[in-house]
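Structural characterization, general
Next come the chains, spelled out residue by residue.
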Amino acid sequence: MKIVTFNVNGVRARIDTLIEWLKETNPDVVALQEIKIQDADFPRSAFEKLGYHCYLNGQKSFNGVAILTKGEAKLSNRILPGDSDDKQSRFIEAYYQEKRFVCIYLPNGNPKGTEKFEYKLKWMDRLNQYCKKALMSEEEIIVLGDFNVIPQYIDCKYPDQWTQDALFDSQVRAKFNYLLNLGYLDAIRILNETDSLFTQWDYRNRAWEENNGVRIDHIILSPNAADKLEKSWIETSLRNQEKPSDHVPVWISLSEK
């Protein structure tokens, strides 16, 4: 099973690229973030023509997440428990082929010292408690998306540039590591511990041209899912196309056994 996560930074802006990419790569499950569109306006038919079922938690102009599956899935949740006042569309969960997929767009949190940063920390606490409880099911769980977390120093080119940023804050990294300490595994780092593995490059300051990137898009796996991991990789070619997202897709392949 081929699974991919991709922060598209606006599905309307990338629709042509998205469709051609899906035709070429044909993943079984696609998790999208920052679709920036309401459910009713999502170009569902374009994806359905490729054989995808679409499960959405959209929001006008901001945020928004989606899960696309080659066969019919069961939408199980669009709300991350813990804050009934949270109206931002950042979470969606679906079951497909006896696997539990949790697609997230975690808050950025900048600037530090503001309500945005506190919201990020609280959102991560809610996610961690949700994922901790989910582990008790002993299901194959795949949590994937834009975490807006740089986990390690090797996950950015110039760590000193990020010391005051919410993506690299020590509290934020500790909350990400909480999931790993529970038993989830970072699908990229299980198989590749080298540096310069990035998933996002800013549009400014020639970040792409100088490979000044960060790894903030992740796929983490419960132990039962990690047992089936065959490959994991980052696909950088889309970042070099015309009008690209500032993120690139992250992939895994799971065995059927």
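Scroll up a little and you will see the structure.
Residues numbered from 1 in each chain as written. Predicted model: local features only at pLDDT ≥ 70, side-chain atom pairs only at ≥ 80, totals over all residues. Heavy atoms only, no water.

Notes on the environment of Lys 157
Test applied: Here a strand is any run of E in DSSP of at least two residues, a helix any run of H or I of at least four, and the numbering for each starts at the N terminus. Think of it in three bands: with a 1.4 Å probe and only protein chains considered, a residue is buried below 20% of the maximum accessible area for its type, exposed above 50%, and partly exposed in between. Here, two residues are considered to be in contact whenever any of their heavy atoms come within 4.5 Å of each other. Identification of polar contacts relies on pairs of N or O atoms within 3.5 Å, with a donor-acceptor requirement for protein atoms, meaning one able to donate a hydrogen and the other able to accept it, and with residues adjacent in sequence counted only if both atoms are side-chain atoms.
With respect to the helices and strands, the residue Lys 157 is situated in the loop between strand 8 (140-146) and helix 4 (170-182). For Lys 157, a relative accessible area of 35% gives the class partly exposed. Sequence separation of Lys 157 and Gly 213 is 56 residues, and the distance between their C-alpha atoms is 6.2 Å. In this view, Lys 157 contacts Phe 198, Glu 210, Asn 211, Asn 212 and Gly 213; residues no more than four positions away in its chain are not counted. Within the structure, the side chain of Lys 157 is placed 2.6 Å from the backbone oxygen of Glu 210, a separation counted as a polar contact.

Looking at the sheet that holds strand 12 (residues 217-221)
The line we're drawing: Should DSSP find at least two bridges between two strands, the strands are taken to pair. Fitted lines through C-alpha atoms give the axes, limited to the stretch in contact for helices. The angle between two N-to-C directions lies from 0 to 180 degrees.
With mixed pairing, six strands are arranged side by side in an open sheet as 5-6-7-8-12-9. Looking at which strands have only one partner, the edges of the open sheet turn out to be strand 5 (74-77) and strand 9 (185-186). Here seven bridges tie strand 7 (residues 99-105) to strand 8, and the two strands are oriented parallel to one another. Note on strand 8: the bridge partner recorded for Ile 104 is Gly 145. In this fold helix 3 (residues 115-135) packs onto strand 5, strand 6 (91-96), strand 7 and strand 8, with an angle of close to 175° to the strand it touches most, strand 7. Sheet strands in contact with helix 4 are strand 9 and strand 12, and its direction is about 25° off that of strand 12.

A look at the packing of aromatic side chains
Rule in force here: When two rings of Phe, Tyr or Trp (its six-membered ring) have centres within 6.5 Å they constitute a pair, described as stacked for plane angles under 30 degrees, edge-to-face for angles over 60, and tilted for the intermediate range.
Within the structure shown, the criterion is met by nine aromatic pairs. Where Phe 6 meets Trp 21, the ring centres are 5.4 Å apart and the plane angle is 70°; that geometry is what we call edge-to-face. On the criterion of sequence distance, the pair formed by Phe 6 in strand 1 (residues 2-7) and Trp 21 in helix 1 (residues 11-25) is long-range, its members being 15 residues apart. Residue Phe 6 is classed as buried on the basis of its relative accessible area of 5%. Both rings, one in Tyr 153 and one in Phe 168, keep their centres 5.1 Å apart while their planes meet at 80°; by these two values the pair is edge-to-face. One end of the pair, Tyr 153, is in the loop between strand 8 and helix 4; the other, Phe 168, is in the loop between strand 8 and helix 4, with 15 residues separating them in the sequence.

Interpretation in functional terms is not warranted from these geometric data alone.
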